[in-house]
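Structural features, examined
Residues per chain are reported as follows:
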Amino acid sequence: MEEEKKQSTPTIDIGLLVKKLYERRRLFFFKVWPITFVLACLYIVCIPRYYTSEAKLAPEMGSSGGVGMLGSIASSFGFNLGDMESSDAINPMLYPDLMEDNGFVTSLFPIRVRTADDEIETDYYTYLTTCQKAPWWSNVKRSVFKAIGSLLPSSDEDDDNATKGGNGKHSPYWLTKKEEGTAEVVRGSIRISMNEKTGTIGIQTQAQDPLVAKILADSVQAHLQQFITDYRTNKARIDVEHYEQLANEARRDYDSICSVYTHFTESNMNIVLARYQTAKENLEKDMQMKYTTYTSMMAQLETAKAKLQERIPAFTQLKGASVPLRPAGPKRMLFVIFMMILVTAVTAVVILRKDLTKTITH
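Description of the structure in this document. As the structure is a prediction and not an experimental result, all values here were calculated from the model.

1. A closer look at helix α3 (residues 25-46)
Under the 1.5 Å per step criterion, the end-to-end length of α3 is 30 Å for 22 residues, consistent within 8% with the ideal 32 Å. Helix geometry: α3 is bent most strongly at V32, by close to 30°, with proline P34 lying one to four residues after it. Considered for burial, the residues of α3 that qualify are F28, V32, T36, A40 and I44. In this structure, the buried side of α3 is in contact with α2 (14-23) and α13 (332-351).

As structure tokens, this is what we get:
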């Protein structure tokens, strides 16, 4: 039985296969490899190179201080107790999801960028839409689609949406096709990550120019810091505005009663009637009450301002964005080598397909 199993088991003669491939070596040396090398080089050279820049910062987390030591011990074992410490409604782990919001993405459009050779200086939206390099076949495809589109009736959806929404303002949540496509390019060029253990925020940007990549990383970092600051201080700012309004109203009431008291006193300087004295005392009491209310509102306002200052988070920059010296991709040599290996494998399978088929069927 064991002999029958051995006889039924298919075997591959590696030496025979190598011999057959060696006999077809001229095919590889003079056709497959030269053609593959040339085509791979022509293709990868047309792909524009891109650069990446990276920045890291550590934001101050909202903490009650009750589980600080426990959180540090848990983090050493890979657990995160930040949710227990933070009083924020938005978990810091959700900050990377900001790139899914059109409002945050479109706020990056007006960023001023400049290329390393100083030939281009414009806003980021214009840079993406008019200053990007592309493979020649992309330009051909774009020209063909443009020619076809010129023959078709224009659509109102492609018009500028500066008046969409009925209020004459541009809405980041009602974009044209061109703007939506540009927003997707921005999302693909910017990556925000959050380290659960250390609580640090990483920002990685990609651009076809090294200086643009650096400027973009700095700008995204500034926008992210502003977003976190606005979120963390939102309620405190509302409180400050509220107490400012109350303090202003109390000041107007106090000034008004002071004016009435002054006018009443000056108009009745030589009068000693009891009725005059009673009216004067009532005005003085009313003025004192208004003054007490005003000073109380001012004290509340100063307290609210102190809370606002306390809520403003501090940021520590762990790694500043730098201008990259070398492109991050595409890896041209690796691509050519990969294509050579791939085509060699496919050609070998085609040459040996009969022998492999026989081995499998038997």
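Anyway, onward from the coordinates.
2. Description of helix α11 (residues 234-267)
Taking 1.5 Å of rise per residue, the 34 residues of α11 would be expected to cover 50 Å, and the 50 Å separating its terminal C-alpha atoms lies within 8% of that figure. Within the span of α11, buried status applies to A236, V240, A247, A250, Y254, I257, C258 and Y261. Residues of α11 that are buried make contact with α12 (274-311).

3. Examining the sheet that holds strand β5 (residues 201-207)
On the basis of which strands lie adjacent, the open sheet formed by four strands has the order β4-β5-β1-β6 and antiparallel pairing. At either end of the open sheet lies a strand with only one pairing partner, and these are β4 (190-194) and β6 (315-319). Adjacent strand axes in the sheet meet at a mean angle of 25°, parallel and antiparallel pairs treated alike. The pairing of strand β1 (residues 51-59) with β6 spans four bridges and is antiparallel. Paired with A58 across the strands is T316, a residue of β6. Packed onto the sheet, helix α9 (residues 177-189) meets β4 and β5 and runs at close to 45° relative to β4.

4. Some points on a nonpolar patch on the surface
A contiguous nonpolar surface patch, about 500 Å² in accessible area, is contributed by I35, F37, V38, L39 and L42. Here L39 shows up in helix α3.

5. Focus: the packing of α11 against α12
Close contact between α11 and α12 brings their axes to 8 Å; oriented N to C, the two are set at 160°. Classified by the interaxial angle, the pair formed by α11 and α12 is roughly antiparallel. In the crossing of α11 with α12, the sense of the turn from one axis to the other is left-handed. Here the residues of the contact of α11 with α12 sort into 23 nonpolar, three polar and 12 charged.

Calculation notes
Residues numbered from 1 in each chain as written. Predicted model: local features only at pLDDT ≥ 70, side-chain atom pairs only at ≥ 80, totals over all residues. Heavy atoms only, no water. Helix = DSSP H or I, 4+ residues; strand = E, 2+ residues; numbered from the N terminus. Expected span 1.5 Å × (residues − 1). Bend = angle between axes of the 7 residues up to and from the residue. Buried < 20%, exposed > 50% of the residue type's maximum accessible area, 1.4 Å probe, protein only. Contact = heavy atoms within 4.5 Å. Pairing = 2+ DSSP bridges. Axes fitted to C-alpha atoms, helices over the stretch in contact; angles between N-to-C directions. Patch = residues over 30% accessible without salt bridge, like charges linked within 9 Å, V, L, I, M, F, W, Y side chains within 5 Å. Areas by Shrake-Rupley, 256 points an atom, 1.4 Å probe, with all protein chains shown as cover. Salt bridge = Lys/Arg side-chain N within 4 Å of Asp/Glu carboxyl O. Parallel < 35°, antiparallel > 145°, perpendicular 65-115°, else oblique. Left-handed = near helix turned anticlockwise from the far one by under 90°. Nonpolar A, V, L, I, M, F, W, Y, C, P; charged D, E, K, R; others polar.

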